[in-house]
Amino acid sequence: MATPRAICFDLDGTLFDHHGSARVGVTRLLQGFGVEATEAVIRAWFTAEDEQFERWRSGAISFREQRRARLRTVLPDLGVEVPGDDAGLDAVFNDYLRAYREAWRLFPQSLPLLHELRANGHRLGLLTNGTESQQLDKLARTGLVHAFDVVCVSERIGFQKPDVRAFHTLAGQLDVDPADCLFVGDDPERDVAGARAAGMRAVLVDHAQPERPGIRALVLSAL
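Here's what I pulled together on the structure shown here. (Residues numbered from 1 in each chain as written. Predicted model: local features only at pLDDT ≥ 70, side-chain atom pairs only at ≥ 80, totals over all residues. Heavy atoms only, no water.)

Details of the layout of surface pockets
Right, on to step 1. Of the voids in this model, the largest pocket is the one considered here, and its volume is about 880 Å³.
Right, on to step 2. Around the largest pocket, the lining is made up of 36 residues, and of these D12, H18, H19, E49 and D186 lie nearest the centre.
Right, on to step 3. Secondary structure elements with two or more residues in the lining of the largest pocket: helix 1 (18-32), helix 2 (39-57), helix 3 (63-74), helix 4 (86-102), helix 6 (132-142) and helix 9 (188-197).
Right, on to step 4. Looking at the second largest pocket, the residues that line it are F107, P108, Q109, V205, D206, H207, Q209, P210, R212, P213, G214 and I215.
Right, on to step 5. Here the residues of the lining of the second largest pocket are counted per class, giving six nonpolar, four polar and two charged. (1 Å grid on protein atoms, 1.4 Å probe; cavity = no way out; pocket = protein on both sides within 12 Å on 5 of 7 lines; lining within 4 Å. Points joined across faces, edges and corners; volume = space filled by probe spheres on them. Helix = DSSP H or I, 4+ residues; strand = E, 2+ residues; numbered from the N terminus. Nonpolar A, V, L, I, M, F, W, Y, C, P; charged D, E, K, R; others polar.)

Description of the packing of helix 1 against helix 4
In a packed pair of helices, the relevant descriptors are the angle between the two axes and the axis-to-axis distance.
Right, on to step 1. Where helix 1 meets helix 4, the closest approach of the two axes is 7 Å, and the angle between their N-to-C directions is 135°. Taken together, the axes of helix 1 and helix 4 are oblique relative to one another. For the pair helix 1 and helix 4, the sense of crossing is right-handed. Of helix 4, the residues touching helix 1 (which contributes H18, S21, A22, V24, G25, V26, R28 and L29) are V92, D95, Y96, A99, Y100 and E102.
Right, on to step 2. A breakdown of the residues in the contact of helix 1 with helix 4 according to their chemical character gives eight nonpolar, three polar and three charged. (Axes fitted to C-alpha atoms, helices over the stretch in contact; angles between N-to-C directions. Parallel < 35°, antiparallel > 145°, perpendicular 65-115°, else oblique. Left-handed = near helix turned anticlockwise from the far one by under 90°. Contact = heavy atoms within 4.5 Å.)

So this is what it looks like as structure tokens:
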């Protein structure tokens with residue numbers, strides 16, 4: 001099997017430590033309300049995030065509304081009074097966003113791996129679900145802004161993973177056939193299954209399992 005010409009990545013949970021950054025953000029938000037951020041509370045936050053983000057991804061609600069829905073889902077059960085108006089909810093969520101943004105960080109192997117792949121002559125692509133402004137801000141603040149030949153954000157290209165059209169758009173902008181791409185992501189369905197359905201090879205990364213090989217070992221082994 002030929003070595004892929006292009007190596008393509010998901011962002012959140014793959015190169016960027018979203019969960020680590022979000023834990024900091026929600027912990028600081030709750031401390032402001034005098035609420036302890038226990039593991040159960042943090043799990044509830046991430047469950048609401050997953051559910052409401054999926055509602056946005058499917059087109060059921062707006063991006064801003066999925067943020068408000070998270071607060072309405074989590075805060076009342078903690079005894080926190082939720083603002084009754086959108087402006088009040090947005091102000092609360094902005095407090096979370098500030099703390100989340102201050103905690104943004106990459107996984108340790110991310111930048112060295114991208115530099116190594118670039119030095120070995122691979123084209124590099126990024127495909128991420130989300131809004132253009134926030135995802136590009138992450139790239140700028142974490143040193144990834146110049147790391148890729150092509151960056152595709154779902155809001156701009158009009159397709160979200162696992163839609164094969166998202167992967168085909170990425171391959172087209174990289175000027176390679178999907179069969180010449182290796183896709184690296186942390187979501188079995190949106191990343192791995194989606195990439196394979198589009199004709200790419202794919203590898204699953206799981207940073208939550210320290211006993212598993214790291215992202216560099218997984219990618220180099222796949223090559």
